[in-house]
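Working through the structure, step by step
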Amino acid sequence: MFYDIVRFSLSKCNNLEGCPIWYRSLFSLVPTLSIIGNVSKATCILILQGENDSDTPVQQAFILQQRLTEVNHPDHTLITYPNLGHIFNPSSLLSRGTGPIEEYVLADLYA
């Protein structure tokens, strides 16, 4: 599910996995799909998604794009990248790649 980012202070936690502040912020998040219609029509939205992302399945990017179309958002773009994972480097669905972001992803982001 897509979520808004909620800020919290890591200085109040010694261990992110056991951090009650982090868990409370996570469980208080509002699903993005339910509020995406509130995004200003003047805001351009770019969705970049690695097709081998094991953290955020590519299907979620297509669902978000579909919702943007349903609410008639005028300026949104989805770009998917075959064989790239969550951090836009070569990856398979079974193993995470490591290394820098592929230059063509950075070029798309810059453009």
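Residue positions are given per chain, counting from 1 as you read along its sequence in written order. Local features in this predicted model are restricted to residues of pLDDT 70 or higher, and side-chain atom pairs are both shown and tallied only at a pLDDT of 80 or more, whereas totals for entire chains, interfaces and linings draw on every residue. Each side-chain value is derived from all of the structure's non-hydrogen atoms; neither hydrogens nor water enter the calculation.

**Topic: the overall build of the chain**
- Counting from the N terminus, the helices are DSSP H or I runs at least four residues long and the strands are E runs at least two residues long. Along its length, the chain carries four helices and two strands.
- Scanning the chain from its N terminus toward the C terminus, one meets helices and strands in the order α-α-β-α-β-α.
- For the chain, the proportion of its 111 residues judged to be buried stands at 29%.
- Contact between two residues is taken to exist if any of their heavy atoms lie within 4.5 Å; hydrogens are not considered. Relative to all contacts within the chain whose residues are 6 or more apart in sequence, the contacts with residues 24 or more apart total 58%.
- Working note: accessible area of the chain is about 7,700 Å², and carbon and sulfur atoms make up 57% of it. Each residue is assigned to one of three classes by its accessible area relative to the maximum for its type, calculated with a 1.4 Å probe on protein chains only: buried under 20%, partly exposed between the two thresholds, exposed over 50%. Areas reported as accessible are Shrake-Rupley estimates using a 1.4 Å probe. Residue values count occlusion only from the protein chains shown.

**Observations regarding the pairing of strand β2 (residues 76-81)**
- Across six bridges, strand β1 (residues 45-50) lies against β2 in parallel orientation. Within β2, the position partnered with Leu-46 by the bridge is Thr-77.
- Each parallel crossover has a hand, and for β1 linked through helix α3 (residues 58-70) to β2 it is right-handed. Between any two strands, pairing holds if DSSP finds at least two bridges. With the strands pointing away from the viewer, any crossover whose connection runs clockwise from the first strand over the helix to the second is right-handed.

**Here we look at the environment of Leu-94**
- Topologically, Leu-94 is positioned in the loop between β2 and α4 (103-110).
- It is 8.6 Å that separates the C-alpha atoms of Leu-94 and Asn-52, two residues lying 42 residues apart in sequence.

**What about the confidence of the model for the chain?**
- For every residue, the predictor reports its confidence as pLDDT, a number between 0 and 100. Mean pLDDT over the chain: 82, with 82% of residues reaching 70 or higher.
- The secondary structure element of the chain with the lowest average pLDDT is helix α1 (residues 20-27), at 72, and the one with the highest is β2, at 96.
- Every residue in residues 1-8 scores below 50 in pLDDT, and together they form 23 contacts with partners more than four places removed in sequence or on other chains.

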